[in-house]
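For reference, the chains in residue letters:
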Amino acid sequence: MPFSFARFASLALIVTVFDTVARAESPSTAASRWSPIGLNANQMSIATGQPSLVVMSKGSTHIPVWSLSGGTAGQSVAGVVTGLPGDCSAVKVEIVVITNEETTSAALDDVYRVHLSQLTEGEDVTERYVLGTPVRTALPAAPFVSRTILLESHYAVDPAAPLWVRIQREPTDPRDTFTRPTGLAMVKVTPLAALQPARVVQEAKGYNSWPMLQALGDKLVCVYSRGGGHTIGDDARAVYARTSTDGGQTWSAETVVADTPGYGEVEVGKGLDADGAMLLWVRRIGKGEWHHDLYRSTDGVKFTLVTTPKLEVRPMQITDVFAVPEVGLMALWFAGDYGDKPTNAWGKLTSSDNGATWVQTPIETGLTKADWPTEPAAVYLGDGKILAIGRTEVGPTQFQLTSTDFGKTWKRSPTNIGDIAASTPSLILDPKTGLVSNYYYHRGGGVLRRRVVDPARVFDHPDRWPVSEPITTGSRVTYDAGNANATVIGDTHYVSFYSGKAPDTGVFVSAVPAPAN
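Source: prediction; values computed, not measured.

Digging into the overall build of the protein chain
No. 1: When helices and strands are tallied, the protein chain shows 2 helices and 37 strands.
No. 2: Taken against the 2.2 N^0.38 rule, which gives 24 Å for 517 residues, the C-alpha radius of gyration of the protein chain at 24 Å falls within 12% of a compact globule.
No. 3: Residue burial in the protein chain is summarised as follows: out of 517 residues, 56% are buried.
No. 4: Counting only contacts in the protein chain whose residues sit at least 6 apart along the sequence, the fraction spanning at least 24 positions is 61%.
No. 5: In the form shown here, the protein chain has an accessible surface area of approximately 20400 Å², with 52% of it arising from carbon and sulfur atoms.
No. 6: One finds the centroid of the 45 positive side-chain charges in the protein chain at a distance of 2 Å from the centroid of its 52 negative side-chain charges.

Structural data, given as structure tokens:
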């Protein structure tokens, strides 16, 4: 049976005797009123492969661990957790790992993932199965130093049903650079209370999706499109808007932004011009044509067409507009067909006349899908620095895009942001604290997430993003939910996303306190 940390003081031997490593961030982001429930090595058994149950010893301290190979793939162990509190709604899963190898080094990494399911009465054991994303962490600089690694920050549970947990090392992941065994000492499962539900913007029948959210003073403007399914070019798809003056609790009647006969239209980017009016990019497809129209609004109700720029490279999307000193307005774009051929690209659009005209500049072309950053979000940090995050279509992590010269040149790097699946990022820079919040929806996992960082920490070190925190939950139907887009009013961030199951999805907004120092 699992044991409670609150009831068994012997656990302290494992987590305090060896736990002297300095961590880049705490693995626990969501506070819980419950103590973790644990499975030690003796309470787990082989699930796949041939891992070994051994004892790691130093002096008079002897700890049973599961030895997981750094060279042999497919080794995993599993256990069952019971006794979850009746009023919990989810769990967080962490592991404690130790190595006795002298070759350990902070320059090396290992990778783990978790498999989760529940043994619910009368239900197939795979019904609630979730395959966690691989998590990479740096090894300690010395042996016999434990690490607590967060593998899943929010897995929804039925508290009455036993929880099945399987832990697997991934030595074939190219990011796992430590070829020697590591020891799994325990699994920590922390019960969590329910997250705050999102506020409803639109739940009318139809595929309401891909929302954009912008603050106009104290007013929220949410723009979304509606069609018959997850399609972008059908004539039935048009763009609509609603506004809220009470933080998204209630919304105005729906107004039409764009509904051109013979075209499918989708909002793809938003922002503010130099006068504080809302700008909105709308992609318009139909009649063998493909356009991006820029609209402007001062009230979020009436939108006026500003321009339809003629661009040499046809973007798939033009994303959010932001201001850059010495440049004017800037928006990033990406182009391609989502195929495997090296035909993909990304770049920037700039305007020196407050959005009336735009100049297109490709930054990278001829990219494979694996190297292609899509749906990027950016913030200007000051001193010529721009920080952007791009979605990945096939890779294990989001991309980080940086510039130190007001967007003239750029560097693209992989990050350690891996709890994603075609997850569109949205960035907020808080002027009071200087902190950047990266919001994204974990498709398939059904969780809206946030990572908060001092940009100085990650600008030159994109693999140092802190762990994510769950904000709210939605549909786990992979492509029928997602596309976070954020804005800010005062000390509150507002994040829109869509969620449901085709042919009907809704648009929602979560209110999130801005992070404190």
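Comments concerning the pattern of salt bridges
No. 1: Overall, the coordinates contain 23 salt bridges when judged by the stated rule.
No. 2: The salt bridge partner of arginine 391 is glutamate 393, with a shortest N-O separation of 2.8 Å. For the pair shown, arginine 391 and glutamate 393 are each scored as buried.
No. 3: Of the charged contacts, one joins arginine 449 and aspartate 419 as a salt bridge, the two residues approaching to 3.5 Å between their closest N and O atoms. One end of the pair, arginine 449, is in strand E33 (residues 447–453); the other, aspartate 419, is in the loop between strand E30 (411–414) and strand E31 (426–429), with 30 residues separating them in the sequence. Across the pair, exposure class does not vary: arginine 449 and aspartate 419 are buried alike.

Scoring rules and cut-offs
- Residues numbered from 1 in each chain as written.
- Predicted model: local features only at pLDDT ≥ 70, side-chain atom pairs only at ≥ 80, totals over all residues.
- Heavy atoms only, no water.
- Helix = DSSP H or I, 4+ residues; strand = E, 2+ residues; numbered from the N terminus.
- Rg over C-alpha atoms; globule rule 2.2 N^0.38 Å.
- Buried < 20%, exposed > 50% of the residue type's maximum accessible area, 1.4 Å probe, protein only.
- Contact = heavy atoms within 4.5 Å.
- Areas by Shrake-Rupley, 256 points an atom, 1.4 Å probe, with all protein chains shown as cover.
- Lys, Arg positive; Asp, Glu negative; His and termini not counted.
- Charge placed at Lys NZ, Arg CZ, Asp CG, Glu CD.
- Salt bridge = Lys/Arg side-chain N within 4 Å of Asp/Glu carboxyl O.

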